[in-house]
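Structure assessment
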Amino acid sequence: PPGPPPPPADAFLALLTPDHMAQLKTLGVPVIIPTAIPEGFSVAQISLAGSNDRDQGYSIWYQDPENRCFVVEYTAGGVGGTPETESRLPLQPPLFPTLDYGLNYGSFVDPDLRSQFPEPELMSDWLEYEGGFYRLAGAAYINDRQSPEPPCQDITPEEAVTLIESFTEATDEITGDG
């Protein structure tokens, strides 16, 4: 007899299938995911990088039918400070309580950076957790790295804050054994 139908795509934690989660777990680092994803979004792409400590990383690109996009990233190191933008909102993510983190958005303040990257930015500071660094980045970053057609549009800064403040570590107890 045929088994039950598969669960709907939005039934998975952070919209990640067991196959996605298995891929991310191969890095052997904490997998940090958002749990308050706005309605209509799906996982557009997952990328894994490197197996040695310095190059190790992942990115999860989310997109909705209106082409609004954001990416959640992890890197093992090599992060610097986030360049100053026109606007900044404070972040209070429970998983990262020790520092004053913020969401940076708008054009870069530095004229050289502004001329190099004229599109408004949307990115959190790098959030440190168990020796690695995590962040959310928006459309300008995705459009620069991936060149999607049509180009991505940003989510609102308020949606980004909600997403970042919902970051949690995916554990076997939460995600099952997939």
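The rules behind the values
Residues numbered from 1 in each chain as written. Predicted model: local features only at pLDDT ≥ 70, side-chain atom pairs only at ≥ 80, totals over all residues. Heavy atoms only, no water. Helix = DSSP H or I, 4+ residues; strand = E, 2+ residues; numbered from the N terminus. Buried < 20%, exposed > 50% of the residue type's maximum accessible area, 1.4 Å probe, protein only. Contact = heavy atoms within 4.5 Å. Areas by Shrake-Rupley, 256 points an atom, 1.4 Å probe, with all protein chains shown as cover. Core = buried A, V, L, I, M, F, W, Y, C linked by side-chain atoms within 4.5 Å. Phe/Tyr/Trp six-rings, centres within 6.5 Å; stacked < 30°, edge-to-face > 60°. Lys NZ or Arg CZ within 6 Å of the ring centre and 35° of its normal. Pairing = 2+ DSSP bridges. Arc of directions from axis to C-beta.

**Some thoughts on the overall build of the chain**
When helices and strands are counted, the chain shows five helices and 11 strands. For the chain, the proportion of its 178 residues judged to be buried stands at 44%. Within the chain, residue pairs in contact and separated by at least 24 positions form 55% of the contacts whose partners lie at least 6 positions apart. Per element, the accessible surface of the chain, about 9500 Å² overall, is 50% carbon and sulfur.

**Regarding the environment of Phe96**
Tracing the chain through its elements places Phe96 in the loop between strand S5 (85-91) and strand S6 (101-108). Classification of Phe96 as buried rests on a relative accessible area of 2%. With 31 residues separating them along the chain, Phe96 and Leu127 place their C-alpha atoms 6.7 Å apart. Setting aside chain neighbours within four positions, we find Phe96 in contact with Ile32, Tyr101, Leu127, Glu128, Tyr129, Tyr134 and Phe167.

**Some words on the nonpolar core**
Membership of the largest hydrophobic core comes to 37 residues, with the highest contact counts inside it found for Leu16, Tyr58, Ile60, Tyr62 and Phe70. For this core, the element with the most residues is helix H4 (residues 157-165), which contributes four residues. For Leu16, the contacting residues outside a window of four places in its chain are Met21, Leu24, Ile33, Val43, Ile46, Ile60 and Tyr62. Residues Trp61, Phe108, Ala137 and Tyr141 belong to the second largest nonpolar core, which totals 10 residues.

**As for the packing of aromatic side chains**
All chains considered together, the criterion is met by 11 aromatic pairs. A centroid spacing of 5.4 Å and a plane angle of 55° characterise the contact between Phe41 and Phe70, whose relative ring orientation is tilted. Of the two residues, Phe41 sits in the loop between strand S1 (31-33) and strand S2 (42-49) while Phe70 sits in strand S4 (residues 68-75), which places them 29 residues apart along the sequence. Taken as a pair, Phe41 and Phe70 share a single burial class, namely buried. The interplanar angle of 70° and the centroid separation of 6.5 Å between the aromatic rings of Phe96 and Phe167 together place this pair among those described as edge-to-face. Of this pair, Phe96 sits in the loop between S5 and S6 while Phe167 sits in the loop between H4 and strand S11 (168-170), and the two are 71 residues apart along the sequence. With relative accessibility at 5%, the residue Phe167 sits in the buried group. Put simply, the rings of Tyr58, Tyr74, Phe96, Tyr101, Tyr129, Tyr134 and Phe167 touch in pairs and so form one group of aromatic residues. The aromatic ring of Tyr141 is capped on one face by Arg135, whose charged end is 4.8 Å from the ring centroid.

**Side note on the environment of Lys25**
Tracing the sequence through the fold places Lys25 in helix H1 (residues 18-25). Residue classification places Lys25 among the partly exposed positions, given a relative accessible area of 27%.

**Section: the pairing of S6**
Within S6, seven of the eight residues are buried, which leaves it mostly tucked inside the rest of the structure. In the sheet, S5 pairs with S6 via six bridges, with the strands oriented antiparallel. Residue pairing across strands places Arg88 opposite Asn104, the latter belonging to S6. When S6 meets strand S7 (residues 121-124), the two strands line up antiparallel, connected through four bridges. In the sheet register, Leu103 faces S7, and the bridge partner there is Ser124.

**What about H4?**
Listed as buried for H4 are Pro157, Ala160, Val161, Leu163 and Ile164. Projected down its long axis, H4 shows its buried positions confined to an angular sector of 160°, all on one face. On its buried side, H4 packs onto S4, S5, S6, S7, strand S8 (127-129) and strand S9 (132-137).

Worth remembering: the numbers are spatial, not functional.
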